[in-house]
Amino acid sequence: MTDHAPAAAPTADNIAAAFQIEGWPVRGRLVRLGSTIDAILSAHAYPEPVAALLGEACALAALIGSSLKFDGRLIVQAQGDGPVRYVVADYDTQGHLRGYCRFDEAEVAAASQGFSRPGAKTLLGDGVFVMTLDRGPDFERTQGITPIEGESLSLAAEHYFQQSEQIPTKVRLAVGAVTTDAGTAWRAGGALIQLIAGDDARGSTEEAWDRSRALFQTLGDDELIDPTVSPETLLFRLFHEDGVRLEDARTLQAVCRCSKDRIGTVLASFAPEERAEMVEPDGKIRVTCEYCATVYELEPEDVGEG
């Protein structure tokens, strides 16, 4: 144990990493998103509450997805009958992240009249929180579904782990626009701790879990998104009395899997008369990716049989 904070180091952004508290039956993960989340949220003119909700979903997808031990994808989504119909974040084990929201602008504006930012339950209404594991074409997808709980996706995730996997879990998520000398940009952060079950050798873990939860609760939203606070410093503030180490850090990037070929394949699945209706006055078909907002321009004769 040391009496001093770790020496200042360059702030690590766009990473997901595991952390271990020395001697504790608790495992954790930390995500810090800078330019990656700014690229995802800035691709669309989202209202601030919608952007914040999508930022939470992306941080959560990276937080959980980065622990996967196989090549594949984790898809975090929530859908309901509220102003936001659908939010989805897609993480693959190469560290690629993307996401989008579908929403009613007038309903979001009406829900945003109060003094505080509307949260997940207000925006999504009655609905479900879904996590899907995709191991590739040779495996069936596995999916867990729970009701949307509370005003943050962190509460929905905690409920999911308790109900679906019986793993005591605490999650913190934060999203905000931060102004620096370089300008204003979106940032997001997330942290997660989980209890490792007790056994004959370890004995009861309840006291350690109570203590770790109490310390974790002191983590502020501003700390999670502050570009001047490194991940190491953040963890030191929480668990310095016991020692904590960061490990297995992975870089996160905003990468969409859309392409002109993929769009063409989708269009080819439509009947010729349906494709004909998509042709614009200048004779071209244009398709905008829901995730990254890239506009693809195709010649009708290059799609299917024309």
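See the structure printed just above.
A brief report on the enclosed structure follows. (Residues numbered from 1 in each chain as written. Predicted model: local features only at pLDDT ≥ 70, side-chain atom pairs only at ≥ 80, totals over all residues. Heavy atoms only, no water.)

## Some remarks on the nonpolar core
Point 1. Leu60, Leu124, Phe129 and Leu153 are the most contacted members of the largest nonpolar core, which has 63 residues in total.
Point 2. Among the elements that make up this core, the one with the highest residue count is helix 2 (residues 48-65) (13 residues).
Point 3. When near neighbours in sequence (up to four residues on either side) are disregarded, Leu153 contacts Leu53, Glu56, Ala57, Leu60, Ala78, Ala120, Leu124, Phe129 and Leu173.
Point 4. Core analysis: the next-biggest nonpolar cluster, separate from the first, contains 20 residues, Val26, Ile193, Trp209 and Leu235 among them. (Core = buried A, V, L, I, M, F, W, Y, C linked by side-chain atoms within 4.5 Å. Buried < 20%, exposed > 50% of the residue type's maximum accessible area, 1.4 Å probe, protein only. Helix = DSSP H or I, 4+ residues; strand = E, 2+ residues; numbered from the N terminus. Contact = heavy atoms within 4.5 Å.)

## Overview of the pairing of strand 5 (residues 96-103)
Point 1. In terms of burial, strand 5 is largely enclosed, as six of its eight residues are buried.
Point 2. Between strand 4 (residues 84-92) and strand 5, which pair antiparallel in sequence order, lie three residues; one of them, Gly95, sits at a positive phi of approximately 90°.
Point 3. As paired elements, strand 5 and strand 11 (residues 253-254) share two bridges and run parallel to each other. Bridging across to strand 11, Leu97 finds its partner in Ala254. (Pairing = 2+ DSSP bridges.)

## Comments concerning the layout of surface pockets
Point 1. The space that makes up the largest pocket amounts to roughly 470 Å³.
Point 2. If you list the elements that add at least two residues to the lining of the largest pocket, you get strand 1 (15-21), strand 2 (26-33), helix 2, strand 6 (127-134), strand 7 (142-147), helix 5 (153-165) and strand 9 (183-195).
Point 3. In terms of residue class, the lining of the largest pocket is built from 12 nonpolar, seven polar and five charged.
Point 4. Reported here for the second largest pocket is a volume of approximately 340 Å³.
Point 5. For the lining of the second largest pocket, the element with the highest residue contribution is strand 8 (residues 169-180), accounting for six residues. (1 Å grid on protein atoms, 1.4 Å probe; cavity = no way out; pocket = protein on both sides within 12 Å on 5 of 7 lines; lining within 4 Å. Points joined across faces, edges and corners; volume = space filled by probe spheres on them. Nonpolar A, V, L, I, M, F, W, Y, C, P; charged D, E, K, R; others polar.)

## Section: the pattern of salt bridges
If the charged atoms of two oppositely charged side chains come close together, the side chains can form a pair.
Point 1. Within this structure, the stated rule accounts for 22 salt bridges.
Point 2. Between Arg117 and Glu48 there is a salt bridge, with its nearest N and O atoms 2.7 Å apart. Here Glu48 lies in helix 2 and Arg117 lies in the loop between helix 3 (105-111) and helix 4 (120-124), a separation of 69 residues in the sequence.
Point 3. On the accessibility criterion, Arg117 (38% relative accessible area) is partly exposed.
Point 4. Here Arg73 and Asp90 are joined by a salt bridge, their closest N and O atoms 2.6 Å apart. In this pair, Arg73 sits in strand 3 (residues 73-80) while Asp90 sits in strand 4, placing the two residues 17 residues apart along the sequence. Here Arg73 matches Asp90 in class, with each residue buried.
Point 5. It is possible to trace a salt-bridge network through shared partners that takes in Arg73, Asp90, Arg98, Asp134, Arg141 and Arg257. (Salt bridge = Lys/Arg side-chain N within 4 Å of Asp/Glu carboxyl O.)

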